[in-house]
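Each chain, written out:
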Amino acid sequence: MNSSQIPVTVLSGYLGSGKTTLLNHVLNNRNGLKVAVIVNDLSEVNIDADLVKNGSGLSRTNETLVEMSNGCICCTLREDLLREVERLAKENRFDYILIESTGVGEPVPVAQTFTYLDEEHGIDLSRFCRLDCMVTVVDAYRFWHDFSSGETLLERSQAVGEDDTREIVDLLIDQIEFCDVLVLNKCDRVEATELLELEQVLRKLQPRAKLIRSVQGQVDPSEILNTGLFNFDEASVSAGWIKEMEKPSHTPETEEYGISSFVYERVKPFQPERLMEWMAEWPPEIVRSKGMMWLATRNDYAQNISQAGPSVQFGPAGRWIAALPEAEQAELLLEDPKLKEVWDAEHGDRINKVVFIGIEMDRTQIVSSLDACLLTEEEMHFDWNRFGDALPNIVELEQELVHD
C-alpha cells in the first residue's frame, strides 16, 4: 500500500436512509483528521451540502467541501468527480476524502472510477488515492416499503434523466450487494423482532460486509475510515447469490426467522409457455433470485433471470458454449478445465441454475412447480422450435410481496 495515497470512503444508500446524518457524525468525531468532503446531489440546489456545512464543524482553513449538483457521480458527473478528486489529492493537504453519493447512485461505477485508469480523460486516481471503504446505509424503517413498492425512480421523480427506467428495488439491491460495510440505520424505529429479521435478510443478500446497527447515523468513525477493507475483485463477487452459487454442495439451510436459500439446478430445458405462467404467479416469499435458464425454444442462447422483490427481469445472456463451433468449444474447454466437470455429453453446458433467497419459502413447492415447467420425457423428443414462446426478449414483471 502506497502511504502517499489518500484514503477514500464512499457513502451510498437510497434517499432518506441517513447518509448525511452519518457523514456529519463522523466529521464531528474525526480525531483531528484533515478531511475533504464531496457531496453529490441530483437537484440543482445541493441540500445535503448545506446540511454538512452547518452541522459538521469543517475547518475553513484546513478542510474543504465540494458540492456536485444536478447529476450523479456514477454517470453524468463522473468526469467532474475524476477532476475534483485529482485536484484535491494534488493539493497535498488532506488526510482523507469522504464522498457522499446521491441516493440514486450505483456504487460499482464509482468504485471503478477509483480503481482503473480513465483512458478518455487520461486520469488514474489510483496514483493519488486508494479506495478504502464502500459503505451502504440502509433505512431499517422504510426498507420493506421501498423494496416492495414496485415503483420506478421516474415515478418518484428521482430519475437521473427521462431514460432512467430503473426500479427502486433494483437500486436497493445494487447498493447492498456491493459494499464493505452495511449500516442499518434508524434501528430505534423498528420492533426488535422485525429488526432481527431484516438483519438476517441483509446478511443473506450480502454475507461479506460488516453489518452495523445505528440510530441517527451514530457510528464509530473507525468502522468506516482507514479500514483497509475495499478490494474490487472481492466486492464484485460478494453478493449472497454468488456465494450460494459457488458452494460445492447446495444443502439448503433455514436460518432464524425462516430466512433461507437454495439453488435450483436441472439439466433439462423449460417449456416457455409453462415457465411464463409460473413467472406470472411468482411466489411472494422469494426476496431475491438470480441465475441462468435454458429455454427449449432458444436452445443456442442462455437466458438470465434476475429478481428482487416485485421486479423480475428476464432476457438473453449470451450463447451457450455448446452452441459455438466445435473449434471454439475445444479452445474454451482447454482454457477452463472446470467446464469439463459440468459438461453434459448431449447438451454441453446448457443448464437451469438459479439461486433463491427468501423468507418462509416452501422449497418443496417451488421446486416441484418449477419441475412441472420443464420438458417432459416425451417432449424432449419433439421439435422444440414448435413450442409456443410468448416470452419477449426482455421481460419485466411485477407481483405482490409479503412485505407491503
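Basis of the calculations
Residues numbered from 1 in each chain as written. Predicted model: local features only at pLDDT ≥ 70, side-chain atom pairs only at ≥ 80, totals over all residues. Heavy atoms only, no water. Helix = DSSP H or I, 4+ residues; strand = E, 2+ residues; numbered from the N terminus. Buried < 20%, exposed > 50% of the residue type's maximum accessible area, 1.4 Å probe, protein only. Contact = heavy atoms within 4.5 Å. Core = buried A, V, L, I, M, F, W, Y, C linked by side-chain atoms within 4.5 Å. Phe/Tyr/Trp six-rings, centres within 6.5 Å; stacked < 30°, edge-to-face > 60°. Salt bridge = Lys/Arg side-chain N within 4 Å of Asp/Glu carboxyl O. Pairing = 2+ DSSP bridges.

**Q** Tell me about the environment of Val169, and name the residues and values.
**A** Among the secondary structure elements, Val169 is positioned in helix H6 (residues 168-177). Classification of Val169 as buried rests on a relative accessible area of 2%. Spatially, the C-alpha atoms of Val169 and Ser311 are 7.1 Å apart, while their sequence positions differ by 142 residues. Aside from chain neighbours lying at most four places away, what touches Val169 is Phe147, Ala308, Gly309, Pro310 and Ser311.

**Q** Would you mind going over the nonpolar core in detail, with residue names and values included?
**A** Among the nonpolar cores identified, the biggest contains 38 residues, and Phe143, Trp144, Phe147, Leu182, Leu184 and Leu202 are the most heavily contacted of them. Contributions of two or more residues to this core are made by helix H5 (143-147), H6, strand S6 (181-185), helix H7 (192-205), helix H9 (240-246), strand S9 (259-266) and strand S13 (352-359). Residue contributions to this core peak at 6 residues, all from H6.

**Q** I'd like to hear about the packing of aromatic side chains, residue by residue, with values.
**A** The full count for this structure, using the stated rule, is 12 aromatic pairs. Centroid distance Trp144 to Phe147: 5.5 Å. Interplanar angle 80 degrees. Geometry classified as edge-to-face. Of this pair, Trp144 and Phe147 both sit in helix H5, 3 residues apart, which is roughly one turn of that helix. Judged by its relative accessible area of 13%, Trp144 falls in the buried class.

**Q** Could you give me a rundown of the pattern of salt bridges, with the residues and numbers involved?
**A** Within the structure shown, the criterion is met by 22 salt bridges. A salt bridge links Asp146 to Arg156; its shortest N-O distance comes to 2.9 Å. Of this pair, Asp146 sits in helix H5 while Arg156 sits in the loop between H5 and H6, placing them 10 residues apart in sequence. Overall, Asp146 belongs to the buried group, its relative accessible area being 5%. One salt bridge in this structure joins Arg298 and Asp389, with 3.0 Å as the shortest N-O distance. One end of the pair, Arg298, is in the loop between strand S10 (286-293) and strand S11 (301-308); the other, Asp389, is in the loop between helix H13 (363-371) and strand S14 (395-397), with 91 residues separating them in the sequence. Of the residues examined, Arg298 reaches a relative accessible area of 13% and is grouped as buried. On the basis of relative accessible area, Asp389 is assigned to the partly exposed category, the value being 29%.

**Q** So what about the pairing of strand S5 (residues 129-139)? Which residues, and what values?
**A** Looking down a regular strand, the side chains alternate between one sheet face and the other. The buried fraction of S5 is high, at 11 of 11 residues. Strand direction decides the pairing type here: strand S1 (residues 6-12) and S5, joined by 7 bridges, are parallel. Bridging from a neighbouring strand, Pro7 pairs with Arg130 of S5. Taken together, the 5 bridges between S5 and S6 define a ladder with parallel strand orientation.

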